[in-house]
Amino acid sequence: MERWRGLEAVPSGWGRSVVTIGVFDGVHRGHRQLIERAVARGRERGLRSVVVTFDPHPAELVRPGSHPAALTTLERRADLVEEAGADAFCVIPFTNELAHMKPAEFAHEVLVDTLHAANVVVGTNFTFGYKAAGDIGTLRDLGVRFGFQVEALDLITDDGVTFSSTYIRSCIDAGDMEAAAAALGRLHRVDGVVVHGDKRGRELGFPTANVACALHTALPADGVYAGWFLLGERRLAAAISVGSNPTFSGKVRTVEAYVLDVDEDFYGHEVGIEFAHRLRGQERFDGIDPLIEQMNADVERTRELLGV
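Participant: Outline empty space enclosed by the protein, listing residues and values.
Facilitator: Counted by the stated rule, this structure contains two cavities of 30 Å³ or more. Looking at the second largest cavity, its volume works out to about 50 Å³. In this structure, the second largest cavity is lined by Leu71, Thr72, Arg76, Leu184, Arg186, Leu187, His188, Arg189 and Asp191. Of the residues forming the lining of the second largest cavity, the biggest block, three residues, is contributed by strand 9 (residues 188-195).

As structure tokens, then:
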């Protein structure tokens, strides 16, 4: 899959294509439906498929300080789009100039002049252009004017719940990792670099990898989780703590993974953490002994839930 940042990175000889547009944070089941439909339409017509997204999140420019919690890093988003079969991933920097484009200007410059769209696949809630003035009706009218077809897909729902990035963020914020996974189509994952912590876990007999995540990362509610520690091709079972370590008067939220049955130095490695099940909320213990007793129980429960 080709990966472009900025419209100027699109090859000059790029032919007609099938395009789908959105923020696609999380590349959840609803997003995947759009991407897979674009890929299928492209194959039917002998055209390549392009997934267009934006960075930073448009909300951050329109309403500074309102950046929603990020379900994926941009690099992870690209990997998931590639897994869905797209031929190209185009990241458009969301600038003030772009935010002020009128719908027709956006359609002409992005879809027609640069990507040579023959088909455009979007969700029924799609809006675009200055102050979100354009909707599906606008896009269809512009398609007639500029020569591309528009296909709008309904959002995926299950038992009355619409799978959206906002819904998934609320699940994660509540620590409901099973519900988040059902909407994502996979376990929620955060990515980061293993950094030096206070080494308290090692002193307690539970050496942990302290994972520093990017700003705005969607972290689950404070507590302890059963999940997986991803390092390259390795997927290792782990008991994961998210929180501020109240027993030791901590104030900064951290993500710490105790990798089961492995004693290695992970410092400096880029890793992923997948959250499968919430074991309990964050607690403050009166002393070291009850904390160690609970940590042993957490590890045993992690083994049971993960089957390791």
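Once the structure has been displayed, the description carries forward.
Participant: Before we move on, can you summarise the sheet that holds strand 5 (residues 117-123) with the specific residues and values?
Facilitator: Spatial strand order, 1-4-3-2-5-6: six strands in an open sheet with parallel pairing. Both edges of this open sheet fall to strand 1 (2-5) and strand 6 (149-153), since each of them pairs with a single strand only. Each adjacent strand pair in this sheet contributes to an overall mean axis angle of 20°, direction not counted. Examined bridge by bridge, strand 2 (residues 17-21) and strand 5 share four bridges and lie parallel to one another. The residue bridging Val18 from the neighbouring strand is Asn119, located in strand 5.

Participant: Residues and numbers for the packing of aromatic side chains, please.
Facilitator: Summed over all chains, the structure comprises eight aromatic pairs. Residues Phe106 and Phe128 carry aromatic rings whose centres are separated by 6.1 Å and whose planes lie at 50° to one another, so their mutual orientation is tilted. Residue Phe106 is found in helix 5 (residues 103-114), and its partner Phe128 is found in the loop between strand 5 and helix 6 (136-146); the two are separated by 22 residues along the sequence. Judged by relative accessible area, Phe106 falls into the buried class, the value being 5%. Consider the rings of Tyr225 and Phe275, whose centres lie 5.3 Å apart with planes at 80°: the pair is edge-to-face. Taken as a pair, Tyr225 in strand 11 (residues 223-231) and Phe275 in strand 14 (residues 270-281) lie far apart in primary sequence, 50 residues in all. Each member of the pair, Tyr225 as well as Phe275, carries the same accessibility label: buried. Taken together, Phe106, Phe126 and Phe128 form an aromatic cluster joined through their ring pairs. Over the aromatic face of Trp14 sits the side chain of Arg48, whose NZ or CZ is 3.8 Å from the ring centroid. A cation over an aromatic ring shows up here: Arg235 above the ring of Trp228, its NZ or CZ 4.4 Å from the ring centre.

Participant: Go over the pairing of strand 3 (residues 48-55) with me, naming the residues and quoting the values.
Facilitator: Within strand 3, six of the eight residues are buried, leaving the element largely enclosed by the surrounding structure. Once the chain exits strand 2 it traverses helix 1 (residues 29-45) before rejoining the sheet at strand 3, and the crossover so formed is right-handed. Looking at chain direction, strand 3 and strand 4 (residues 88-93) are connected through six bridges and run parallel. Note that in strand 4 the partner of Val52 across the bridge is Cys90.

Calculation criteria
Residues numbered from 1 in each chain as written. Predicted model: local features only at pLDDT ≥ 70, side-chain atom pairs only at ≥ 80, totals over all residues. Heavy atoms only, no water. 1 Å grid on protein atoms, 1.4 Å probe; cavity = no way out; pocket = protein on both sides within 12 Å on 5 of 7 lines; lining within 4 Å. Points joined across faces, edges and corners; volume = space filled by probe spheres on them. Helix = DSSP H or I, 4+ residues; strand = E, 2+ residues; numbered from the N terminus. Pairing = 2+ DSSP bridges. Axes fitted to C-alpha atoms, helices over the stretch in contact; angles between N-to-C directions. Phe/Tyr/Trp six-rings, centres within 6.5 Å; stacked < 30°, edge-to-face > 60°. Buried < 20%, exposed > 50% of the residue type's maximum accessible area, 1.4 Å probe, protein only. Lys NZ or Arg CZ within 6 Å of the ring centre and 35° of its normal. Right-handed = clockwise from strand over helix to strand, strands pointing away.

Shape is all these values report; function is a separate question.
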